[in-house]
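Now for the letters of each chain:
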Amino acid sequence: LAIAAGDERWEPRLLYRLGSAHFHRGELDAAEGLFARSLERYRAVGDHLGMAMVCLGQGLVEKRRGELEKAIAHIEEAIRHGEAGGHRDQLAKHLHNLANLHRARGDHARAIECLKRSMSLRESLGDRLGIAICLNNLSRTHAQRGEIRRALEAARDALQIFGEVGDKVGVIISRGNIGSFEYYRGHLDSAALTFERNLQLARSHGDARSAADCLYGLGRIENARGHPAEAERRLAEALRTLPESGSADLRALYSAELALSRIRLRNREGATDALRDGRIHAAEVEGQEVQGLLSLSASELYLWLNDLDEAMESARAAVEALERTGWKHDVAVAHRQLACVFREIGPDWIDHTEKHFAVARRLFEEMENRLELGITAVEEATLLEYVEEVDETRERLELAVKLFEETGATPRARDAATRLEALESH
């Protein structure tokens, strides 16, 4: 009726809302067409606020399609309209969305720049909740770059503000991030306490998705400690806890970790089933992280089964996918896995083996992750023992025992000490 009446005030808004309805139903072509018509009408009347709103919608359409460069162009146009209209609150939101896009394409420096601009605007507006949301995303961006100290600092600041303004969801999310970052530093005991506390809060709040994520974090910690049976129990519970709809990405992620625990339990059928389930769920979503972690688990399975061709293909796929995500921790693990595959192929590939171990070790050192440095030292010791470098083998195993004891990975410390004793007895 508004269109028929030529109502310039309502027509562009109604076109935008109709486009938004199609977007939420996944009908991207229809949404795109309606947004374009709405933008044309807003331009005709010089409404910068309306133009910024529609450009954001166009950016979200392209983001859903995976066209990040096009999405960035639309959001940048939204920012220009926000600046022209003097709408600081909208400008802050658009900068936050632009930061997420830059982070998704691995441009962390620009993501941090946008988040800091957004925070500055929110501070001038007195928007403390908005500041906490920015800090939360800033923490994840630092974590991707392996700057875990900075990530923890930002996440703790976010947690404090969320608590002060009474945002329970924000508290759960930011504390979950803190648990993950403590895990990335190899601080397993403190990470476990953080996740346990957050699990209780998520359950009391009726937040099944966050509760499942806490269980996943606890499962990863038990795998890292060397308790695969406990890890399997936690991860299976995480999968049961997840809501049925809208969780395909997390189901794929959890299944990849579940496969690792079953490989270490020497449960071939269970590991294969977990990988199959993970790939089924991964087919429903876009994202390099899930694909990379599934490939990483698959490589470990194939390596255990001595299928070196498949192990190599999967390890290379993992490195390629995870390097695109920018998560330094996962990239380092993938390089270590690739080194392990080269090591098993034979001495002709020792240069490649040493190169990928060196990459993994450097990245873990930059992250100050003593646990992963211990795991890497054990894998390097296997190579050194193979080429009969006894003194260097001993050094690596002694280092591993020390690091495992410091980080609470008792089963791993015991295994490394047993290998050290066997080495000394020869």
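Our subject is the structure listed above.
Residues numbered from 1 in each chain as written. Predicted model: local features only at pLDDT ≥ 70, side-chain atom pairs only at ≥ 80, totals over all residues. Heavy atoms only, no water.

Engineer: Whenever I open this one, the overall build of the chain confuses me. Can you help?
Structural biologist: When you go through the chain residue by residue, the secondary structure sums to 21 helices and zero strands. What you see for the chain is a C-alpha radius of gyration of 24 Å, in line with the 22 Å of a compact globule of 426 residues. Here the C-alpha coordinates of the chain stretch approximately 90 × 45 × 40 Å along the principal axes. Within the chain, buried positions represent 52% of all 426 residues. For the chain, long-range pairs separated by at least 24 residues make up 58% of all intrachain contacts whose partners lie at least 6 apart in sequence. Split by element, the accessible area of the chain, about 19800 Å² in all, is 47% carbon and sulfur. Of the charged side chains in the chain, 59 are positive and 72 negative, and the gap between their average positions amounts to 6 Å. (Helix = DSSP H or I, 4+ residues; strand = E, 2+ residues; numbered from the N terminus. Rg over C-alpha atoms; globule rule 2.2 N^0.38 Å. Buried < 20%, exposed > 50% of the residue type's maximum accessible area, 1.4 Å probe, protein only. Contact = heavy atoms within 4.5 Å. Areas by Shrake-Rupley, 256 points an atom, 1.4 Å probe, with all protein chains shown as cover. Lys, Arg positive; Asp, Glu negative; His and termini not counted. Charge placed at Lys NZ, Arg CZ, Asp CG, Glu CD.)

Engineer: Looking at this structure, how should I read the pattern of salt bridges?
Structural biologist: Close approach of charged atoms allows side chains of opposite charge to pair. The full count for this structure, using the stated rule, is 40 salt bridges. The residue Glu40 makes a salt bridge to Arg41 at a minimum N-O spacing of 3.8 Å. One salt bridge in this structure joins Arg185 and Glu368, with 3.7 Å as the shortest N-O distance. Taken as a pair, Arg185 in the loop between helix H9 (168–184) and helix H10 (188–204) and Glu368 in the loop between helix H18 (350–367) and helix H19 (370–386) lie far apart in primary sequence, 183 residues in all. Given a relative accessible area of 11%, Arg185 falls into the buried group. Each of Asp29, Glu32, Glu62 and Arg65 takes part in one network of salt bridges that share partners. (Salt bridge = Lys/Arg side-chain N within 4 Å of Asp/Glu carboxyl O.)

Engineer: What is the right way to read the environment of Glu354 from this model?
Structural biologist: With respect to the helices and strands, Glu354 occurs in helix H18. Given a relative accessible area of 42%, Glu354 falls into the partly exposed group. Linking Glu354 and Arg343, residues 11 residues apart in sequence, is a C-alpha distance of 8.6 Å.

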